[in-house]
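Summary of structural features
Residues per chain are reported as follows:
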Amino acid sequence: IGQRMRELRKEKNITQPELAKMLGVSNGAIGNWETGNRQPDDAAKIQMADIFGVSVDYLIGRTDNREITTNNEDLNFSEGRQTLRMI
């Protein structure tokens, strides 16, 4: 998460202190998250995803797709599993 966080922060031209203020955490917390010494809690991950305009899954490295999918699409979880169709 740290590397993606740093890349996204720099793309948005946000400094560590600015991001810390947006999230209501210390400057040190941002540094620790970016270096991998600590992990942000779920609430901070959601806030960062909103700030950076990406999905939480992208932020935490579960996907390389930055897009946030909010429409009703077929979701294919993995090969050999059923496809879940959202209604």
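Residues numbered from 1 in each chain as written. Predicted model: local features only at pLDDT ≥ 70, side-chain atom pairs only at ≥ 80, totals over all residues. Heavy atoms only, no water.

Focus on the packing of helix α2 (residues 16-23) against helix α4 (residues 42-52)
What counts is decided by this rule: Every axis in this analysis is a line fitted to C-alpha atoms, fitted for helices over the stretch in contact. Angles between the N-to-C directions lie between 0 and 180 degrees. The helix and strand labels rest on DSSP assignments: H or I over at least four residues marks a helix, E over at least two residues marks a strand, and numbering proceeds from the N terminus. Here is the rule for angles: anything less than 35 degrees is roughly parallel, anything more than 145 is roughly antiparallel, 65 through 115 is roughly perpendicular, and the remaining ranges are oblique. The crossing is said to be left-handed when, going from far helix to near helix, the turn is anticlockwise and less than a right angle, and right-handed when the turn is clockwise. Contacts are residue-level and defined by heavy atoms, with any inter-residue pair within 4.5 Å sufficient. When residues are sorted by character, Ala, Val, Leu, Ile, Met, Phe, Trp, Tyr, Cys and Pro go into the nonpolar class, Asp, Glu, Lys and Arg into the charged class, and all the rest, Gly among them, into the polar class.
Packing of α2 against α4 brings their axes to within 10 Å, and their N-to-C directions diverge by 120°. One element, α2, and the other, α4, form an angle in the oblique class. Crossing angle aside, the handedness with which α2 passes α4 is right-handed. The segment α2 lies against α4, with Leu19, Met22 and Leu23 engaging Ala44, Gln47, Met48, Ile51 and Phe52. Of the residues belonging to the contact of α2 with α4, the class tally is seven nonpolar, one polar and no charged.

Examining the pattern of salt bridges
Operational definition: Salt-bridge detection follows one rule: a side-chain nitrogen of Lys or Arg within 4 Å of a carboxyl oxygen of Asp or Glu. Only protein chains enter the accessibility calculation, which uses a 1.4 Å probe; a residue whose area is less than 20% of its type maximum is buried, one above 50% is exposed, and one in between is partly exposed.
Under the counting rule described, the total for this entry stands at six salt bridges. As a salt-bridge pair, glutamate 34 and arginine 6 come within 3.6 Å of each other at their nearest N and O atoms. Here the residue glutamate 34 occupies a position in helix α3 (residues 27-35), and arginine 6 occupies one in helix α1 (residues 2-11), the gap between them amounting to 28 residues. What makes glutamate 34 buried here is its relative accessible area of 5%.

Let's talk about unusual backbone geometry
Not every positive phi belongs to a glycine, and asparagine 13 is a case in point at roughly 55°. With respect to the helices, strands and loops of the structure, asparagine 13 is situated in the loop between α1 and α2. The class of asparagine 13 is exposed, set by a relative accessible area of 66%.

Focus: the nonpolar core
Here is the rule we go by: The definition of a nonpolar core used throughout is a set of buried Ala, Val, Leu, Ile, Met, Phe, Trp, Tyr and Cys residues joined through side-chain atoms within 4.5 Å.
Ranked by internal contacts, the top residues of the largest apolar core, which has 16 residues, are Met5, Leu19, Ile30, Trp33, Met48 and Phe52. The set of elements that each furnish at least two residues to this core consists of α1, α2, α3, α4 and α5 (56-59).

Section: α2
Given 3.6 residues per turn, any residue in an α-helix points the same way as the ones three and four places further on. Selection rule: An arc is given here, and it is the one of the directions from the helix axis to the C-beta atoms.
Within α2, burial applies to Leu19, Ala20 and Leu23. In an axial view of α2, the angular spread of the buried residues amounts to 105°, which keeps them on one side of the axis. Against α1, α3 and α4 lie the buried residues of α2. Remark: glycine 24 follows α2 within two positions and exhibits a positive phi of approximately 70°.

Side note on the side chain of serine 55
Assignment of secondary structure puts serine 55 in the loop between α4 and α5. Overall, serine 55 belongs to the buried group, its relative accessible area being 14%. Not counting residues up to four positions away in its chain, the partners in contact with serine 55 are Ala49, Thr63, Asn65, Arg66, Glu67 and Ile68.

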